[in-house]
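Working through the structure, step by step
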Amino acid sequence: MQKESQKPSFEFMALMAALMSIVALSIDTLLPAIPNIGQTINSLDPTQNQKLITMIFLGLGVGQLFFGPLSDSYGRKPVVYLGMAVFGIASFICLWAPSLEWMIVGRILQGIGLSVARSIAISIIRDTYNGNLMARVMSFVTAFFILVPVIAPSLGKIILDIANWQAIFYVQLICTLIVGLWFWKRQPETLRPEYKIPFSSTVFVDGLKEFMRYRETVAFTLASGFITGAFLVYLSASQHIFEDLYGLKDSFPYIFAGLSISIGLSTFSNGTLVLRYGMWKLSYMALLVFCLVALLFVFLFWGTGNPNVIILIVFLSLQFFCLGFMWGNFRSIAMQPIGHIAGIGAAINGFISTVISIPIATFIGSFVEDTVLPLFMGLAVCGIISVVIFRMAKKSKKLATVK
């Protein structure tokens, strides 16, 4: 493990960001193509087609439970290659899918394969750094990672205009291959031999028991689930909101990019501020503002219909600016006590937060038909629940310190 004072290299952060960015690329480049895919597979209900986005998150959660323990037993690098192979097979299932059901199967399998990239990147960071420096690395990695959602919808639209929606999947495969080669050439194995856990039928159960021993780990895993679920409503419904409700089909990629930049700016700022103020304080203040902005929108626009698109973008920008101070810090706080089981720990963290977020996104998203009000109601409720969890975790930490 690196010392707290040792600065991470730019290449390390860029490679980890690239590894995680395969996930964002596979999700966000597809957003402009959802109506086209729906027409090809004869699925014309926009709320049903949202599953092309939400179901990949199901795979992301489930896959980590399998690959996480494997990475603790056999190392990080071999498991990354296995996940990329699964992603490749799943991509061809999507390309040949004759119906929505088969496309969803392919997207779930894509998520399972991509779960490796996300969870192993976090495990490698935890293998290498700890404390606030780990949060700093996570913030900068996430800031780079956010650049992909900024350009991905525009890239998807360009590919769609030049070729067809199938070409988007081929571009995803090529990018995954490039990142895989970079990872193979430049990233050393970070799991120390003495930390390897022999693979057995009980490795997950033992890891879960160890995971549950740490209250702050459990608390911030739950909080991550609620916050991610609230954001996932926007992610899955954004195409419907801006293209169908506001009639901004041509502008949608640029609006999506602008909103992603607000997350990137706050995430980058968090990387600098976290060493001064700490993970707990920064994320708590951001969480409070997140709740207040959502509640203000509900108060102002209850029963009035959709606001002007500029007003909507301002409110969403404020919400997403807060997210940048929460995501990396929540995960860093959760991972801090479980460095000795970083692989299975990251897997359980990702699985639980995903299992929480998908039903939330599916439920709230079903109400986002003619108005965006349910989106902000969901953001407010999820934020308030997270505040309660945060305060309980902080109180528990103080009691443990006193003892």
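Going by the structure above, here's the rest.
Along each chain, the written sequence defines residue order, and numbers are assigned to residues from 1. With the structure being a predicted model, the display of local features is reserved for residues of pLDDT at least 70 and the display and counting of side-chain atom pairs for 80 or more, all residues being used for whole-chain, interface and lining totals. Neither water nor hydrogens contribute to the side-chain values; these are computed over all heavy atoms in the structure.

Considering the overall build of the protein
We count it as follows: Under the DSSP-based scheme used, a helix requires at least four consecutive residues in state H or I and a strand at least two consecutive residues in state E, with every element numbered from the N terminus. Using a 1.4 Å probe on the protein chains alone, a residue whose accessible area is under 20% of its type maximum counts as buried, one over 50% counts as exposed, and one in between counts as partly exposed. Contact criterion: two residues are considered in contact whenever any of their non-hydrogen atoms come within 4.5 Å of each other.
What the protein contains, in helices and strands, is 16 helices and 0 strands. In terms of its C-alpha atoms, the protein occupies a principal-axis envelope of roughly 55 × 45 × 35 Å. Out of the 403 residues belonging to the protein, those deemed buried represent 60%. The long-range fraction of contacts in the protein, counting pairs at least 24 apart against all pairs at least 6 apart in sequence, stands at 86%.

Brief notes about the side chain of T176
Checked against the element boundaries, T176 lands in helix 8 (residues 165-186). Its relative accessible area of 5% is what places T176 among the buried residues. If near-sequence neighbours (up to four positions away) are discounted, T176 is found in contact with I22, M84 and F87.

Considering the environment of L114
Relative to the helices and strands, L114 resides in helix 6 (residues 100-128). On the basis of relative accessible area, L114 is assigned to the buried category, the value being 3%. Not counting the four nearest positions on each side in its chain, L114 is found in contact with I22, V23, S26, I56, L60 and F87.

A look at the packing of helix 12 (residues 279-301) against helix 14 (residues 327-335)
Rule in force here: Angles shown run from 0 to 180 degrees and are taken between the N-to-C directions of axes, each axis being a line fitted to C-alpha atoms and, for helices, limited to the stretch in contact. Throughout, the term roughly parallel applies to angles under 35 degrees, roughly antiparallel to angles over 145, roughly perpendicular to angles from 65 to 115, and oblique to all others. Note on convention: near helix rotated counterclockwise from far helix by under a right angle means a left-handed crossing. Clockwise means right-handed. Note on residue categories: nonpolar means Ala, Val, Leu, Ile, Met, Phe, Trp, Tyr, Cys or Pro, charged means Asp, Glu, Lys or Arg, and polar means any other residue, Gly included.
The N-to-C vectors of helix 12 and helix 14 enclose an angle of 135 degrees; their axes lie 9 Å apart at closest approach. Compared by their axis directions, helix 12 and helix 14 come out oblique. Seen along the crossing, helix 12 lies across helix 14 with a hand that is left-handed. Contacts from M279, W280, L282, S283 and L287 in helix 12 reach N329, F330, S332 and I333 in helix 14. Looking at the contact of helix 12 with helix 14 residue by residue, the classes come out as 6 nonpolar, 3 polar and no charged.

Looking at helix 6
What counts, and what does not: Here the expected length of a helix is defined as 1.5 Å per residue gap, with one fewer gap than residues. Bend, in this description, refers to the angle at a residue between axes fitted to the seven residues ending there and the seven starting there.
Here helix 6 is 29 residues long and its end C-alpha atoms lie 42 Å apart, about the 42 Å a rise of 1.5 Å per residue gives. Of all bends in helix 6, the biggest is about 30 degrees, found at L114. Taken across its 29 residues, helix 6 has 23 buried, putting it largely inside the fold.

Description of helix 10 (residues 215-245)
Taking 1.5 Å as the rise per residue, helix 10 with 31 residues should run 45 Å; its terminal C-alpha atoms sit 43 Å apart, in good agreement. At A237, helix 10 is deflected by roughly 60 degrees, the largest bend along its length. Of all 31 residues making up helix 10, 25 are buried, and the element is well covered by its neighbours. Following helix 10 by one or two positions, G247 has its phi on the positive side, about 65 degrees.

Focus on the state of the cysteines
This is how the line gets drawn: Cysteine sulfur atoms that come within 2.5 Å of each other are treated as a disulfide pair.
Taken as a whole, this structure holds 0 disulfides when the rule is applied. There is no disulfide at C291, and the cysteine sulfur nearest it, in C322, is 9.0 Å away.

Looking at a positive patch on the surface
Rules: Note on patches: the residues involved have over 30% relative accessible area and no salt bridge, like charges join within 9 Å, and the nonpolar side chains Val, Leu, Ile, Met, Phe, Trp and Tyr join within 5 Å. In these tables, accessible area is a Shrake-Rupley quantity obtained with a 1.4 Å probe, and a residue counts as shielded only by the protein chains included in the view. By salt bridge we mean one thing: a side-chain nitrogen of Lys or Arg within 4 Å of a carboxyl oxygen of Asp or Glu. His residues and chain termini do not enter the charge count, which takes Lys and Arg as positive and Asp and Glu as negative. Positions of charges follow a simple convention, taking NZ of Lys, CZ of Arg, CG of Asp or CD of Glu.
Together, K281, R391, K394 and K397 make up a positively charged patch on the protein surface. Sort the elements by how many residues they give to the positive patch and helix 16 (residues 373-402) lands first, with 3 residues. With respect to the secondary-structure elements, K397 resides in helix 16.

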